[in-house]
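In case you want the letters, here they are:
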Amino acid sequence: MTDILPSSPAASVTSTTRRYRFATEVVTVDSSDDPHNAASVPIYQTATFKQKGATATGEYDYSRSGNPTRTHVENHLAKIMSAERALVVTSGMGALDVITRLVKTGEEIIAGDDLYGGTNRLLSFLAKSQNVKTHHIDTTKSDSILPYLSDKTRLVLLESPTNPLIKISDIPTISKYVHDRCPNALVVVDNTMMSPYLQRPLELGADISYHSGTKYLSGHHDLMAGVIGAKKASVGDELYYVINATGCGLSPFDSWLLLRGVKTLAVRMDKQQASCIRIADYLEAQGFKVHFPGLRSHPQYDLHASMASGPGAVLSFETGDTGISERIVEGTKLWSISVSFGCVNSLISMPCRMSHASIPAHIRAERSLPEDLIRLCVGIEDADDLLEDLEQALNIAGALPTPSK
Ligand SMILES: *Cc1c(COP(=O)(O)O)cnc(C)c1O
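Labelled according to an unreviewed UniProt entry, the protein chain appears under the name Cystathionine beta-lyase, originating from Thamnidium elegans. Among the UniProt annotations of the protein chain, the heading Pathway (unreviewed entry) holds the following wording: "Amino-acid biosynthesis; L-methionine biosynthesis via de novo pathway; L-homocysteine from L-cystathionine: step 1/1." Listed under Sequence similarities (unreviewed entry) in UniProt, the entry text for the protein chain is "Belongs to the trans-sulfuration enzymes family."

Printed below as a string of structure tokens:
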């Protein structure tokens, strides 16, 4: 056997080319190869595919290696991510696991210092188990990466905006630094917070962009998925090799749910973002310190606007008192206390107690993650209802100077 990369269902060229505006493309799924002209791509709920003869293999043989429902969602996502190849796996962390398998023992990763909690945990695990060191830098200052770039650098891992502090990384500048100095390194962007509707890192210079498909892409918190897009087909093929070898490809049913969910991405995000902008303005007017790239007061407002077409629908704010924050979170009725974001329903959380609790307290302090921080993830409910519910919770918590009403 000379061919190390097994042949796999190839992404069709026409379906990865965007011709219309995003909101049109995202709802237009190419199912022209369906033998019965099905309007919705069917779920191929099968583990195996029969062969025509002992040596005559078809496009598919075994669903770990490839499944038509998975191929359809992958081709569709490649198109909306501007990727040469997209791949779907069982979770966002699974996506990062697949990507980090490109790193060999002794090579290094450079990553931000305000990362998703699960990402921190996986990077610490790699440091212990594989001797793969991660340098954490402040990615809001592009130059801070320069001292760490070396021939050992294999991955540069960025989030923008970061979560929960909503800090912005300059993806084009950092990508240029990395590509000029380290031809072997790949710039990887976790684009979960923005979704491809608002920001497409592969168009900004990144080599790989990945998402937790559990969030905006599927949009209903009814499945877990991870989505990886590669700018170069050769990188996509290497990632596919890992997925087939480790068996983490997304199941046919979850692939179908993801394809169904993503069709409404633009309309959901438009509504969620518009409400989030109103809520950010309201909180800022009450005197809270609000972290949201849609506010003029955000220190990197212009940088964000240069990369993304909108500020998104996640914000965080500080109350100055952990007890007050707890009472606000517990005082809301419409906002569910929940980790995660990107759902049609609105969520409220205290990152230090919830999603980011796996980061040790002294490191949270080092990275100036305020313990009283509240994160809001705005859903598609009526914005007046969301504001009224938030206001009554702020009043109950004693967070407003004089109770209004
Ligand atoms: C949720 C999330 C992940 C992990 O995705 P899962 O689907 O939960 O495994 C990674 N990065 C960011 C920014 C996330 O919000």
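A. Fine view of the UniProt feature "modified residue: N6-(pyridoxal phosphate)lysine" (unreviewed entry) in the protein chain. Taken from the UniProt record, the annotation "modified residue: N6-(pyridoxal phosphate)lysine" (unreviewed entry) applies to Lys215. Along the chain, the position of Lys215 falls in the loop between strand S6 (208-212) and strand S7 (226-230). Of the residues examined, Lys215 reaches a relative accessible area of 8% and is grouped as buried.

B. Layout of the pairing of strand S1 (residues 85-89). The element S1 is largely enclosed, with a buried count of five among its five residues. Where burial is concerned, the two faces of S1 agree: the one with Arg85, Leu87 and Val89 and the one with Ala86 and Val88 are both buried.

C. The arrangement of the pattern of salt bridges in detail. In this structure the tally under the stated criterion is 12 salt bridges. Two residues, Glu326 and Arg353, come together in a salt bridge whose shortest N-O distance is 2.2 Å. Of the two residues, Glu326 is situated in helix H11 (residues 322-331) and Arg353 in the loop between strand S11 (347-349) and helix H12 (361-366); the sequence distance between them amounts to 27 residues. Take Glu326: its relative accessible area is 30%, and that puts it in the partly exposed class.

D. Structural view of the environment of Arg121. The topology assignment puts Arg121 in helix H4 (residues 117-130). For the pair Arg121 and Ile359, spaced 238 residues apart in sequence, the C-alpha to C-alpha distance is 7.8 Å.

E. Broad picture of the packing of helix H9 (residues 265-285) against helix H13 (residues 383-396). Put simply, H9 and H13 touch, their axes get as near as 10 Å, and they point 30 degrees apart. By the criterion of interaxial angle, the relationship of H9 to H13 is roughly parallel. In this structure, the crossing between H9 and H13 has a hand that is right-handed. On H13, the residues touching Ser275, Arg278, Ile279, Tyr282 and Leu283 of H9 are Ala383, Asp384, Leu386, Leu387, Leu390, Glu391 and Leu394. Split into classes, the residues belonging to the contact of H9 with H13 amount to eight nonpolar, one polar and three charged.

F. Up close: unusual backbone geometry. The amide bond that connects Ser160 to the next residue, Pro161, takes the cis arrangement and shows omega of -5 degrees. Among the secondary structure elements, Pro161 is positioned in the loop between strand S4 (153-159) and helix H5 (171-181). Pro164 follows Asn163 through a cis peptide bond whose omega is 10 degrees. A positive phi angle is found at Asn37, which is not glycine, with a value near 60 degrees.

G. Spatial organisation of the site of the ligand. Inspection of the region around the ligand gives Ser91, Gly92, Met93, Tyr116, Asp190, Thr192, Ser212, Thr214, Lys215, Met224, Ala225 and Phe341 as its neighbouring residues. One of the side-chain N or O atoms of Thr214 is found 2.7 Å from an oxygen atom in the ligand. In this structure, an oxygen atom belonging to the ligand sits 2.6 Å away from a side-chain N or O atom of Lys215. Taken by itself the ligand offers 380 Å² of open surface, and the protein chains cover 94% of this. Across the shell around the ligand, the residue classes break down as five nonpolar, five polar and two charged.

H. Quick look at the nonpolar core. Within the largest apolar cluster, 65 residues are counted, with the highest numbers of intra-cluster contacts made by Leu77, Leu258, Ile279, Leu283, Leu315 and Leu376. Top element by residues in this core is H9. It accounts for eight residues. Two domains share this core, each providing at least three of its residues, namely domain 1 (8-262) and domain 2 (266-397). Counting residues in hydrophobic clusters, the runner-up holds 29 residues, among them Ile109, Leu115, Leu157 and Val235.

I. Representation of the side chain of His135. Structurally, the position occupied by His135 is in strand S3 (residues 133-137). Among all residues touching His135, those that are not within four sequence positions of it are Glu108, Ile109, Ile110, Ala111 and Tyr148.

J. Geometry of the packing of aromatic side chains. Summed over all chains, the structure comprises five aromatic pairs. For the pair Tyr216 and Phe341, a centre-to-centre distance of 5.8 Å together with 55 degrees between the ring planes defines the contact as tilted. Placement of the pair is Tyr216 in the loop between S6 and S7 and Phe341 in the loop between strand S10 (336-337) and S11, with a sequence separation of 125 residues. Look at Tyr216 and you get buried, because its relative accessible area is 1%. When the ring of Phe253 is compared with that of Trp256, the centres are 6.1 Å apart and the planes differ by 15 degrees; the resulting orientation is stacked. Of this pair, Phe253 and Trp256 both sit in helix H8 (residues 252-262), separated by three residues, roughly a single helical turn.

K. Representation of empty space enclosed by the protein in the model. The tally for this structure, following the rule as stated, stands at four cavities of 30 Å³ or more. Estimated volume of the largest cavity: approximately 80 Å³. If you trace the largest cavity, you find 12 residues lining it, with Ser65, Gly66, Arg70, Glu74 and Tyr240 closest to the centre. For the lining of the largest cavity, the secondary-structure elements that each account for two or more residues are helix H2 (68-81), S1 and helix H7 (233-246). Split into classes, the residues belonging to the lining of the largest cavity amount to five nonpolar, four polar and three charged. Computed from the structure, the second largest cavity encloses a volume of approximately 60 Å³. What lines the second largest cavity is Asp113, Asp114, Leu115, Asn120, His356, Ile359, Ile363, Arg364, Arg367 and Leu369. Taken together, the residues of the lining of the second largest cavity break down into four nonpolar, two polar and four charged. Here the lining of the second largest cavity spans two domains, and each of domain 1 (8-262) and domain 2 (266-397) adds at least three residues to it.

About the thresholds
Residues numbered from 1 in each chain as written. Predicted model: local features only at pLDDT ≥ 70, side-chain atom pairs only at ≥ 80, totals over all residues. Heavy atoms only, no water. UniProt positions renumbered as here; feature names shortened; annotations may be inferred. Helix = DSSP H or I, 4+ residues; strand = E, 2+ residues; numbered from the N terminus. Buried < 20%, exposed > 50% of the residue type's maximum accessible area, 1.4 Å probe, protein only. Salt bridge = Lys/Arg side-chain N within 4 Å of Asp/Glu carboxyl O. Axes fitted to C-alpha atoms, helices over the stretch in contact; angles between N-to-C directions. Parallel < 35°, antiparallel > 145°, perpendicular 65-115°, else oblique. Left-handed = near helix turned anticlockwise from the far one by under 90°. Contact = heavy atoms within 4.5 Å. Nonpolar A, V, L, I, M, F, W, Y, C, P; charged D, E, K, R; others polar. Near = heavy atom within 4 Å. Polar contact = N/O pair within 3.5 Å; in protein donor to acceptor, adjacent residues only side chain to side chain. Areas by Shrake-Rupley, 256 points an atom, 1.4 Å probe, with all protein chains shown as cover. Core = buried A, V, L, I, M, F, W, Y, C linked by side-chain atoms within 4.5 Å. Domains from an automatic or database assignment. Phe/Tyr/Trp six-rings, centres within 6.5 Å; stacked < 30°, edge-to-face > 60°. 1 Å grid on protein atoms, 1.4 Å probe; cavity = no way out; pocket = protein on both sides within 12 Å on 5 of 7 lines; lining within 4 Å. Points joined across faces, edges and corners; volume = space filled by probe spheres on them.

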